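What follows is each chain in one-letter form.
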Amino acid sequence: MQFRELKVPGAWEITPQQFGDPRGVFLEWFKEGAFVEAVGHPLDLQQANCSVSAAGVLRGIHFADVPPGQAKYVTCPKGAVLDVAVDIRVGSPTFGQWDTVLLDDVDRRAIYLSEGIGHAFLSLEDDSTVVYLCSTGYSPGREHGVHPLDTEIGIEWPTTARDGSPLTPQLSDKDLAAPTLRQAQEDGLLPTMDSVRDFVAQRKASPRGL
């Protein structure tokens, strides 16, 4: 299992080692020892989610108030999605920047996004299945969004599906109504780098990262 930190500090691409034979494939898609070595603290698992999306479905950019935020460890066991980490932490040297990881059923990579990082993905195939390990449970009062098509962020979303057919982004009503990054900052919705840094430091100081 290999960890590679993305251009957004606090987000990692995880590439597992796969073992195949005529019966199929086996891999470890999460391993606490390797995770702690790369990230510096255990994953406090509080909830596991699964979403299934048609080709072109665009989900995000989602984030939660910090503290406690919501860290996510995400993979795609069926289909393919382009997963995006966006730095929405006010005061971060890379504020507004983004990076991507292709999650699919070939390389079977995962992505980890620590607290305070925005998360979005675009489905590249019908019935693409995404599973998330989350550090906190669902709490609608502290969860927010930034518009994934915000031109100032400028995410380069794919325009063709896995089979080469054209993609038309499909957003939920909630995501369509989400503010731009600038609007979210002006409204005081975004986490600050200081609050994220303090919270993560507290987690690292705890025996279980809590």
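See the structure above.
Note on numbering: residues in each chain are counted from 1, in written sequence order. Where local features are concerned, this predicted model is filtered to residues with pLDDT of at least 70; where side-chain atom pairs are given and counted, the filter is 80 or more; whole-chain, interface and lining totals use all residues. As a convention, hydrogens and water are excluded, and side-chain values are obtained from all of the structure's heavy atoms.

Colleague: Would you explain the pairing of strand 11 (residues 117–123) in this entry?
Modeller: It is a general feature of regular strands that their side chains alternate between the two faces of the sheet. When accessible area is computed with a 1.4 Å probe and restricted to protein chains, residues below 20% of their type maximum are described as buried, those above 50% as exposed, and intermediate ones as partly exposed. Counting from the N terminus, the helices are the DSSP runs of H or I reaching at least four residues and the strands are the DSSP runs of E reaching at least two. Of all 7 residues that make up strand 11, 7 are buried, and the element is covered over most of its length. Sheet topology places strand 6 (residues 58–64) next to strand 11; 4 bridges connect them, and they run antiparallel. Residue Leu58 lies in a different strand from strand 11, and its bridge partner there is Leu122. Pairing between two strands is assigned when DSSP locates at least 2 bridges connecting them. Looking at chain direction, strand 8 (residues 80–87) and strand 11 are connected through 7 bridges and run antiparallel.

Colleague: What is the right way to look at the packing of aromatic side chains in this model?
Modeller: Think of a pair of aromatic rings as described by two things: how far the centres are apart, and how the planes are tilted against each other in angle. Two aromatic rings, drawn from Phe, Tyr or Trp (for Trp, its six-membered ring), form a pair once their centres lie within 6.5 Å of each other, and the interplanar angle then sorts them: stacked below 30 degrees, edge-to-face above 60, tilted otherwise. Following the criterion strictly, the structure yields 7 aromatic pairs and no others. With a centroid separation of 5.7 Å and 55° between ring planes, the pair formed by Trp29 and Tyr73 is classed as tilted. Of this pair, Trp29 sits in the loop between strand 4 (24–27) and helix 1 (32–39) while Tyr73 is found in strand 7 (residues 72–78), placing the two residues 44 residues apart along the sequence. Where Phe30 meets Tyr73, the ring centres are 5.0 Å apart and the plane angle is 90°; that geometry is what we call edge-to-face. Of the two residues, Phe30 sits in the loop between strand 4 and helix 1 while Tyr73 sits in strand 7, which places them 43 residues apart along the sequence. For Phe30, a relative accessible area of 28% corresponds to the partly exposed category. For Tyr73, a relative accessible area of 0% puts it in the buried group.

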